[in-house]
Amino acid sequence: MNEIKIVSTKKELVYRVPESFDEMTRKQFILTVEQIINAAAGNEADNYYSAMAGIEKKSWNKLHFFQRYSIKRLFDFISVPEISKQLLPDIEINSQQFIGYQPGFSNTTWQEFIFADQYIMTGKYREAAACLYRPQRTDYTGETDRRIPFTIYGTNSRMQHFNNIPEAELFAFVLNYKALRKRNLEEKYPFVFPSAKPESNLDDNTEEPLTVGERSRTNNFSWIGIHRDLMGDRFYDETKFYELNVHVILNRLNTVIKDNCKTRNS
């Protein structure tokens, strides 16, 4: 945390402000997202900085221009979001609370991931949030995922709530999700999440269909298609596949793609 000291003739006031996204509270994260949205529209709010520092507006207005400028510079980091924590652990809509996923996706099943991530890639952010944020189990004891199990039917039902999610919270969800996805999935499974984007859906050298990793670079990528390829003839095990943790499946995919790349290049 950064420390701000404001000294007047009568007293010294000390304020603490976050030095990174990970040091923000949920409330500060939402305020920051609102600031990012406003800045993008050319309407940056000056009271953002006083609110983040906990400085009363009257006191903020009395500060010298250079003092306000110096405090503002402490928040330059928000222009390049780097997040490793779940800063939006829950979402409340219409007085109903919905619990989110763990930052490392440790409580995310393969099924909920492929639906949520596909929604994210197609810009259906409310649907993605409805996948990953669910009501708490009525019989929750601390021994299982806190959320009710994922079903696509439940997601559709929750849309009556998530259609009303405030814009700032929706953007906060997307910002947080993409940062955690990059940190905990993309960087961990580089063969599943390659960065380059070739224009063709065929390998230039072999003229054979692309591998799973290569197809994920194309615009017509589908997690459902990957899921079906993964199951092959074992369609009767679909429920078991769906219930596995996302890391189990992605780790296997990453290994298979890596081995295939070695074979093709040997």
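Just so it is clear, the structure is predicted and the values come from calculations on it, not from any experiment.

As a further point, take a nonpolar patch on the surface. A cluster of nonpolar residues, Phe-65, Phe-66 and Tyr-69, forms a patch on the protein surface that exposes about 370 Å² of accessible area. Checked against the element boundaries, Tyr-69 lands in helix H4 (residues 65-73). Its relative accessible area of 39% is what places Tyr-69 among the partly exposed residues.

Geometrically, a pair of aromatic rings is defined through the distance of the ring centres and the angle of the planes. Scanning the model with the defined rule gives 21 aromatic pairs in all. Ring centres of Phe-21 and Phe-77 lie 5.7 Å apart, and the angle between their planes is 85 degrees; this geometry places the pair in the edge-to-face category. One end of the pair, Phe-21, is in the loop between strand S2 (12-17) and helix H1 (26-40); the other, Phe-77, is in the loop between H4 and strand S3 (90-93), with 56 residues separating them in the sequence. By relative accessible area, Phe-21 is classed as buried at 1%. Measuring from centroid to centroid gives 4.9 Å for Phe-221 and Trp-223, while their planes differ by 80 degrees, and the two rings are edge-to-face.

A rise of 1.5 Å per residue sets the reference length of helix H8 (residues 167-186), with its 20 residues, at 28 Å; its end C-alpha atoms lie 26 Å apart and thus fit the reference within 8%. Of all 20 residues in H8, 14 are buried; the element is thus mostly enclosed.

For Arg-134, the location among the structural elements is in the loop between helix H6 (125-132) and helix H7 (152-162). We classify Arg-134 as buried; its relative accessible area is 1%. A polar atom in the side chain of Arg-134 sits 2.9 Å from the side chain of Glu-112. Setting aside residues no more than four positions away along its own chain, Arg-134 makes contact with Phe-98, Ile-99, Glu-112, Asp-145, Arg-147, Ile-148, Pro-149, Phe-150 and Arg-158.

Moving on to the side chain of Arg-181. Locating Arg-181 in the fold gives a position in helix H8. A polar side-chain atom of Arg-181 sits 2.7 Å from a polar atom in the side chain of Asp-117. Non-local contacts of Arg-181, meaning those with residues more than four positions away in its chain, are made with Phe-105, Asp-117, Met-121, Glu-186 and Phe-193.

For the rest of this paragraph, the subject is H6. Taken together, the buried positions of H6 are occupied by Ala-128, Ala-129, Ala-130, Cys-131 and Leu-132. Where H6 is buried, its residues meet strand S4 (96-99), helix H5 (110-121), H7 and H8.

Looking now at the pairing of S2. Both strand S1 (residues 2-7) and S2 contribute to a ladder of six bridges, which runs antiparallel. The residue bridging Asn-2 from the neighbouring strand is Val-17, located in S2. The hairpin turn running from S1 into S2, its antiparallel successor, is four residues long.

Following both chains from N to C, one finds H5 and H8 inclined at 120 degrees, their axes separated by 12 Å at the closest point. Here H5 is positioned oblique relative to H8, judged by the angle of their axes. Taken as a pair, H5 and H8 cross one another with a handedness that is left-handed. Contact residues: H5 offers Phe-113, Asp-117, Ile-120 and Met-121, while H8 offers Phe-173, Tyr-177, Lys-178, Arg-181 and Leu-185. When the residues that make up the contact of H5 with H8 are grouped by side-chain class, the tally is six nonpolar, no polar and three charged.

Along the chain, Arg-126 falls in helix H6. Considering only alpha carbons, one finds Arg-126 and Val-248, 122 residues apart in sequence, at a separation of 26 Å. Apart from the residues within four sequence positions on either side, Arg-126 is in contact with Met-159, Phe-162, Asn-163, Ile-165 and Leu-170.

Quick look at the confidence of the model for the chain now. The predicted model of the chain averages 89 in pLDDT, with 91% of residues at 70 or higher. Averaged pLDDT values for the elements of the chain fall to 52 in helix H9 (residues 212-215) and rise to 98 in H6. In the model, residues 196-211 has pLDDT below 50 throughout and makes 18 contacts with residues more than four positions away in sequence or in other chains.

Conventions adopted
- Residues numbered from 1 in each chain as written.
- Predicted model: local features only at pLDDT ≥ 70, side-chain atom pairs only at ≥ 80, totals over all residues.
- Heavy atoms only, no water.
- Patch = residues over 30% accessible without salt bridge, like charges linked within 9 Å, V, L, I, M, F, W, Y side chains within 5 Å.
- Areas by Shrake-Rupley, 256 points an atom, 1.4 Å probe, with all protein chains shown as cover.
- Salt bridge = Lys/Arg side-chain N within 4 Å of Asp/Glu carboxyl O.
- Helix = DSSP H or I, 4+ residues; strand = E, 2+ residues; numbered from the N terminus.
- Buried < 20%, exposed > 50% of the residue type's maximum accessible area, 1.4 Å probe, protein only.
- Phe/Tyr/Trp six-rings, centres within 6.5 Å; stacked < 30°, edge-to-face > 60°.
- Expected span 1.5 Å × (residues − 1).
- Polar contact = N/O pair within 3.5 Å; in protein donor to acceptor, adjacent residues only side chain to side chain.
- Contact = heavy atoms within 4.5 Å.
- Pairing = 2+ DSSP bridges.
- Axes fitted to C-alpha atoms, helices over the stretch in contact; angles between N-to-C directions.
- Parallel < 35°, antiparallel > 145°, perpendicular 65-115°, else oblique.
- Left-handed = near helix turned anticlockwise from the far one by under 90°.
- Nonpolar A, V, L, I, M, F, W, Y, C, P; charged D, E, K, R; others polar.
- pLDDT = per-residue confidence, 0-100.

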